[in-house]
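Descriptive structure summary
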There are 2 protein chains.
Amino acid sequence: MTEDELRVLTANEAFYDAFSARDGERMDALWARATAVTCLHPGWSALVGRGPVMESWRAILGSPGSPRLEATGARAFVVGEAAWVLCYEGPRGGPAMLVATNVFVREGGEWKIAHHQAGQVAVPPEPEPPEGSN
Amino acid sequence: MTEDELRVLTANEAFYDAFSARDGERMDALWARATAVTCLHPGWSALVGRGPVMESWRAILGSPGSPRLEATGARAFVVGEAAWVLCYEGPRGGPAMLVATNVFVREGGEWKIAHHQAGQVAVPPEPEPPEGSN
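Below, the structure is looked at part by part. (Residues numbered from 1 in each chain as written. Chains lettered and ligands numbered in written order. Predicted model: local features only at pLDDT ≥ 70, side-chain atom pairs only at ≥ 80, totals over all residues. Heavy atoms only, no water.)

Quick word on the pairing of strand β6 (residues 110-120) of chain B
All names here are of chain B. Of all eleven residues making up β6, nine are buried, and the element is well covered by its neighbours. Both strand β1 (residues 38-40) and β6 contribute to a ladder of three bridges, which runs parallel. Residue pairing in the sheet places Thr38 in a bridge with His115 of β6. Linking strand β5 (residues 98-107) to β6, which pair antiparallel, is a turn of two residues; within it Gly108 sits at a positive phi near 55°. (Buried < 20%, exposed > 50% of the residue type's maximum accessible area, 1.4 Å probe, protein only. Helix = DSSP H or I, 4+ residues; strand = E, 2+ residues; numbered from the N terminus. Pairing = 2+ DSSP bridges.)

Written out as structure tokens, the structure reads:
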């Protein structure tokens, strides 16, 4: 794994940590400022711009029923100053319920999230079986 | 709109044209080669790598029931050599059924698709009403 991939995965972890902590201030700090930000929450219309995206996070994180999610199976793909991460999302210790695309951009040397889409998983991920096993 | 945004939107259109034409060869040519490619089809597990992603397109486009989709409300966001597009997907002339993230990367001067995620829309998009109307 490259250093950038590792940094992007660390930024991805920070996103789920802020989500699980229902910490709107930390969430706000993780999102890009120089780039347009966008968000596709499951069952919402497309959100474009920092205003609508941050308003959505305040609504979601302000709800006592918002899930405490963890990301599993995260993979990072870096192209210059941008990157995307695929990961599964699920309750801590529970099965993955959603699969997500998170786009990151490098701003002032730091990887910031610029886009998030999460959607239903029909087939939960399974660990790869060792070769030759049934 | 910048020239790059326009080019990315044109590449996005080409993706939906190949999809609707069920043209596996055109679809293959639209995907990146120098970058890892990934795909999150609704209800599938995460696909990583050109082999699994192209296999999924052959299966989808080879099915006579595969939808003839068009993209509506597409918006492009360019960051250096990468970009992402948000758009709604639906049958030609029909209501949007899905909302998608498509990631593009510039390879040899051409924008190639590197990631696609589509997920359900709960609230179909509506045209913005003119100001002052009810």
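Regarding the interface of chain A and chain B
Contacts between chain A and chain B engage 31 residues on the former and 31 residues on the latter. With both sides pooled, the region where chain A packs onto chain B buries about 2400 Å², and carbon together with sulfur makes up 68% of that total. It is Val79(A), Trp84(A) and Gln117(A) in chain A that bury the most area against chain B; as a group they hold 21% of the surface buried on that side. Our count for the chain A to chain B interface comes out at zero salt bridges. Our count for the chain A to chain B interface comes out at ten residue pairs in polar contact (both at pLDDT 80 or more). For the side of chain A that touches chain B, the secondary-structure elements that each account for two or more residues are β1 (38-40), β2 (47-48), β3 (69-79), β4 (82-91), β5 (98-107) and β6 (110-120) of chain A. (Contact = heavy atoms within 4.5 Å. Buried area = accessible area lost by both parts, 1.4 Å probe. Salt bridge = Lys/Arg side-chain N within 4 Å of Asp/Glu carboxyl O. Polar contact = N/O pair within 3.5 Å; in protein donor to acceptor, adjacent residues only side chain to side chain.)

With respect to the relation of the copies chain A and chain B
Rotating chain A by 180° and moving it 0.0 Å along the rotation axis overlays it on chain B with an RMSD of 0.0 Å. These values place the two chain copies in the arrangement generated by a two-fold rotation axis. Of the C-alpha atoms belonging to chain A, the one lying closest to the rotation axis is found on Gly119(A), 2.7 Å away. A share of 100% of interface residues in chain A that are also interface residues in chain B marks the association as one of identical surfaces. (Least-squares fit on C-alpha atoms with pLDDT ≥ 70 in both.)

Some thoughts on the environment of Ala32(B)
In this fold, Ala32(B) is placed in the loop between α2 (24-30) and β1. For Ala32(B), a relative accessible area of 0% corresponds to the buried category.

Things to note about the pairing of β3(A)
Residues and elements named next belong to chain A. Where β3 meets β4, nine bridges bridge the pair, whose relative direction is antiparallel. Directly across from Val78, in β4, lies its bridge partner Ala83. Once β3 ends, the chain turns through two residues before running back antiparallel as β4, passing Gly80 with a positive phi of about 65°.

So, the side chain of Thr101(A)
Within the secondary structure, Thr101(A) sits in strand β5. You can call Thr101(A) buried: its relative accessible area is 0%. With sequence-adjacent residues up to four places away left out, Thr101(A) is seen in contact with Val85(A), Leu86(A), His115(A), His116(A), Gln117(A), Leu40(B), Thr101(B), His115(B) and Gln117(B).

A look at the packing of helix α1 (residues 3-20) of chain B against helix α3 (residues 50-61) of chain B
Residue and element names in this part refer to chain B. α3 packs onto α1 with a crossing angle of 50° between their chain directions and a minimal axis gap of 10 Å. The orientation of α1 relative to α3 falls into the category oblique. Taken together, the residues of α3 that come into contact with α1 (itself represented by Phe15, Ala18 and Phe19) are Trp57, Ile60 and Leu61. Of the residues in the contact of α1 with α3, the class split is six nonpolar, no polar and no charged. (Axes fitted to C-alpha atoms, helices over the stretch in contact; angles between N-to-C directions. Parallel < 35°, antiparallel > 145°, perpendicular 65-115°, else oblique. Nonpolar A, V, L, I, M, F, W, Y, C, P; charged D, E, K, R; others polar.)

What about the side chain of Glu107(B)?
All names here are of chain B. Take Glu107: it is sitting in strand β5. Notably, Glu107 is buried but unbridged: the nearest opposite-charge side chain belongs to Lys112, and the N-O separation is 6.5 Å. A distance of 2.8 Å separates a polar side-chain atom of Glu107 from the backbone nitrogen of Ala34. With sequence-adjacent residues up to four places away left out, Glu107 is seen in contact with Ala32, Arg33, Ala34, Thr35 and Lys112. (Lys, Arg positive; Asp, Glu negative; His and termini not counted.)

As for the sheet that holds strand β3 (residues 69-79) of chain B
Residue and element names in this part refer to chain B. One open sheet holds the six strands; their spatial order is β2-β1-β6-β5-β4-β3, and the pairing between them is mixed. Only two strands of the sheet have a single neighbouring strand rather than two, namely β2 (47-48) and β3. Where α1 meets the sheet, it contacts β3, β4 (82-91), β5 and β6, and its direction lies at approximately 150° from that of β3.

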